[in-house]
Amino acid sequence: MKLKSVGIIGTGSALPERIMTNYDLEKIVETSHEWILSRTGIEERRIADEKTTTSDLAYEASLKAMEMAGTSPEELDLIIVATITPDMVFPATACILQDRLGARNAAAFDLEAACSGFLYGVTTAQQFIATGHYKKVLVIGGEIMSKIVDFTDRSTCVLFGDGAGAVVMGEVEEGFGILSTDLGSKGEGGKYLYQPAGGSLEPASEESVRNRRHFIKMGGGEVFKFAVRIMGESSARVIEKAGLELEDVDYLVPHQANTRIIEAAAKRIKLPMSRVKVNLNRYGNMSAASIPVALDEAVRAGEIKKGDHVVLVGFGGGLTWGAALIKW
Ligand code: ACO
């Protein structure tokens with residue numbers, strides 16, 4: 001069977017209006033704008049209001065992506081929402097979104113690979129379209145991280161923000177679209193980034209709430225070391241798998257966790273920072289939403305043009321990682 005070429009045919013993003021600056025955080029925890037900026041590159045992030053859910057942001061981002069792709073809700077065959085902050089444990093946020101979009105012909109499920117979730121979603125969608133099983137798939141990375149961040153823990157609360165990015169995927173001209181992908185996980189590193197309570201191991205209880213067990217816990221140093229290595233390695237791997245050379249790469253859209261991690265990845269594939277998308281100064285780390293929001297901004301700003309070789313790469317809880325090389 002000849003596989004179809006699969007690409008991203010529309011992008012969209014949605015961000016809450018409220019801005020929380022580093023100076024705002026100085027009033028909440030013992031930190032400083034200078035510390036946060038120098039260690040991470042973050043200056044501000046968006047924080048959703050009490051009522052906004054992940055599906056609200058996902059809905060807004062999806063409408064924009066579908067408009068760019070010229071795709072109607074009825075045409076969608078599948079909706080994948082990558083998130084670690086679903087509206088609720090079940091039903092899946094993808095099902096809630098399907099209902100709101102009126103995508104009555106679509107199957108829908110959530111996927112959890114933390115910050116790598118969007119790339120896991122894109123790679124999954126690619127398989128369905130390449131084999132001809134489905135024609136149009138909507139993939140979203142959406143998070144309201146502020147609801148699982150402990151605003152008494154300065155080592156994590158300064159890092160994260162809320163947002164959603166969406167893409168419509170479909171068949172593209174032969175030779176274009178996704179040329180290679182690389183997914184991986186390192187389960188033994190799960191202890192470095194996790195939310196202990198709320199699952200079958202530690203169901204919600206008065207005690208779990210009292211002990212703040214429903215918030216993110218992170219061994220930042222370990223995650224940092226892993227990220228610096230894997231972002232470069234995985235980027236290099238998709239370039240090699242696609243049969244390309246480092247100098248063939250035009251643009252890099254990395255997960256937006258830390259400028260130092262992004263710079264290390266760019267250096268590994270010898271790409272100047274002028275060809276790397278960085279928006280974490282404005283949004284912080286939006287987990288699964290970071291890459292699709294950055295991609296949408298780059299596409300709409302004309303930073304990515306038809307024919308460009310674009311690398312998307314990310315890492316996250318699991319520990320997991322993912323990369324894709326796309327001929328735009
Ligand atoms: N303000 C001021 N001081 C702080 C803060 C803060 N917000 N946070 C920590 N510190 C202090 C620490 O207590 C420590 O003090 P000590 O030396 O007296 O013990 C000091 O600053 C240095 O802390 P380090 O952890 O060594 O700082 P580092 O330079 O490693 O930066 C950081 C920390 C930014 C968290 C970095 O390790 C990092 O970016 N790690 C990766 C994290 C990441 O990307 N996580 C998300 C993954 S994606 C996902 O799946 C959700």
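Our subject is the structure listed above.
Residues numbered from 1 in each chain as written. Predicted model: local features only at pLDDT ≥ 70, side-chain atom pairs only at ≥ 80, totals over all residues. Heavy atoms only, no water.

Visitor: Before we move on, could you go through the overall build of the protein and cite the residues and values that matter?
Guide: In terms of regular secondary structure, the protein is built from 11 helices and 13 strands. The C-alpha atoms of the protein give a radius of gyration of 19 Å, which matches the 20 Å a tight globule of 328 residues would have. For the protein, the spread of C-alpha atoms along the three principal axes comes to 55 × 45 × 35 Å. By the burial criterion, 55% of the 328 residues in the protein qualify as buried. Within the protein, residue pairs in contact and separated by at least 24 positions form 76% of the contacts whose partners lie at least 6 positions apart. (Helix = DSSP H or I, 4+ residues; strand = E, 2+ residues; numbered from the N terminus. Rg over C-alpha atoms; globule rule 2.2 N^0.38 Å. Buried < 20%, exposed > 50% of the residue type's maximum accessible area, 1.4 Å probe, protein only. Contact = heavy atoms within 4.5 Å.)

Visitor: I'd like a rundown of the site of the ligand, residues and numbers included.
Guide: Around the ligand, the structure places 25 residues, and the nearest of them are Thr-31, Arg-39, Cys-115, Asn-258 and Gly-317. A distance of 2.7 Å separates an oxygen atom of the ligand from a polar atom in the side chain of Arg-39. Within the backbone of Gly-220, an N or O atom sits 3.0 Å from a nitrogen atom of the ligand. Look at the ligand: alone it shows 1,000 Å² of surface, and the protein chains cover 71% of it. When residues of the shell around the ligand are traced back to their parent elements, those giving at least two are α2 (33-40), α6 (154-157), α8 (220-241) and β12 (309-316). Tallying contributions element by element places α8 first for the shell around the ligand, with four residues. (Near = heavy atom within 4 Å. Polar contact = N/O pair within 3.5 Å; in protein donor to acceptor, adjacent residues only side chain to side chain. Areas by Shrake-Rupley, 256 points an atom, 1.4 Å probe, with all protein chains shown as cover.)

Visitor: Explain the sheet that holds β12 residue by residue, including any values.
Guide: Within the open sheet, the four strands sit side by side as β8-β13-β12-β11. Their pairing is mixed. Each edge of the sheet is formed by a strand with only one pairing partner; in this case those strands are β8 (177-185) and β11 (251-254). Strand after strand, the sheet turns through a mean of 10° between neighbouring axes, direction not considered. Contacts from helix α5 (residues 117-130) reach β8, β12 and β13 (320-327), with the element oriented near 125° to β8. Across the face of the sheet, helix α11 (residues 290-300) comes into contact with β11 and β12 while running at roughly 145° to β11. (Pairing = 2+ DSSP bridges. Axes fitted to C-alpha atoms, helices over the stretch in contact; angles between N-to-C directions.)

Visitor: Hey, could you go over the packing of α8 against helix α9 (residues 259-268) for me, with residue numbers and the actual values?
Guide: Following both chains from N to C, one finds α8 and α9 inclined at 30°, their axes separated by 8 Å at the closest point. Classified by the angle their axes make, α8 and α9 are roughly parallel. In this structure, α8 crosses over α9, and the sense of that crossing is right-handed. Along the contact surface, α8 presents Phe-224, Ala-227, Val-228, Met-231, Gly-232, Glu-233 and Ala-236, while α9 presents Arg-260, Ile-261, Ala-264, Ala-265 and Arg-268. Across the contact of α8 with α9, the residue classes break down as eight nonpolar, one polar and three charged. (Parallel < 35°, antiparallel > 145°, perpendicular 65-115°, else oblique. Left-handed = near helix turned anticlockwise from the far one by under 90°. Nonpolar A, V, L, I, M, F, W, Y, C, P; charged D, E, K, R; others polar.)

Visitor: Any chance you could break down the packing of aromatic side chains for me, citing the residues and the numbers?
Guide: By the definition in use, this model includes two aromatic pairs. Taken together, a centroid distance of 5.0 Å and an interplanar angle of 35° make the contact between Phe-128 and Tyr-134 tilted. Of note, Arg-100 hangs over the ring of Tyr-59, and the distance from its end group to the ring centre comes to 4.3 Å. The ring of Phe-176 has Lys-306 lying over it, and the distance from NZ or CZ to the ring centre is 4.0 Å. (Phe/Tyr/Trp six-rings, centres within 6.5 Å; stacked < 30°, edge-to-face > 60°. Lys NZ or Arg CZ within 6 Å of the ring centre and 35° of its normal.)

Visitor: Before we move on, can you summarise the pairing of strand β1 (residues 6-14) with the specific residues and values?
Guide: Burial within β1 is extensive, with eight of its nine residues counted as buried. Relative to strand β7 (residues 162-171), β1 runs antiparallel, the two sharing eight bridges. Bridge assignment links Ala-14 to a residue of β7, and that residue is Ala-164.

Visitor: Got a sec to walk through the environment of Ile-304? Specific residues and values, please.
Guide: For Ile-304, the location among the structural elements is in the loop between α11 and β12. When the C-alpha atoms of Ile-304 and Trp-328 are compared, they prove to be 7.6 Å apart, with 24 residues separating the residues in sequence. Sequence-distant contacts of Ile-304, defined by excluding residues within four places in its chain, comprise Tyr-251, Val-253, Leu-295, Ala-298, Val-299, Val-310 and Trp-328.

Visitor: Now, about the sheet that holds β7: what can you tell me, with residues and values included?
Guide: The five strands are arranged β1-β7-β6-β4-β5 in an open sheet whose pairing can be described as mixed. Strands at the two margins of the open sheet, each flanked by one partner only, are β1 and β5 (107-111). The sheet shows a mean angle of 20° between the axes of neighbouring strands, taken without regard to direction. Where strand β4 (residues 78-82) and β5 come together, five bridges link them in parallel fashion. Bridging from a neighbouring strand, Val-81 pairs with Asp-110 of β5. Across the face of the sheet, α5 comes into contact with β1, β4, β5, β6 (137-144) and β7 while running at roughly 170° to β6. Taken strand by strand, α11 contacts β1, β6 and β7, and its axis lies near 100° from that of β1.

Visitor: Go over α11, please, and point to the residues and values.
Guide: With respect to burial, α11 is a largely interior element, 10 of its 11 residues being buried. Ser-290, Ile-291, Pro-292, Val-293, Ala-294, Leu-295, Asp-296, Glu-297, Ala-298 and Val-299 are the residues of α11 that are buried. In the segment just after α11, Gly-302 is the residue with positive phi, at about 75°.

Visitor: Residues and numbers for unusual backbone geometry, please.
Guide: With an omega of 5°, the peptide bond running from Phe-90 to Pro-91 counts as cis. Within the element layout of this structure, Pro-91 appears in the loop between β4 and α4 (93-101). Cis rather than trans, the peptide bond between Gly-318 and Leu-319 has omega equal to -15°. Counting through the fold element by element, Leu-319 comes out in the loop between β12 and β13. For Lys-270, which is not glycine, the phi dihedral falls at a positive 55°. Relative to the elements of secondary structure, Lys-270 occurs in the loop between α9 and α10 (280-283).

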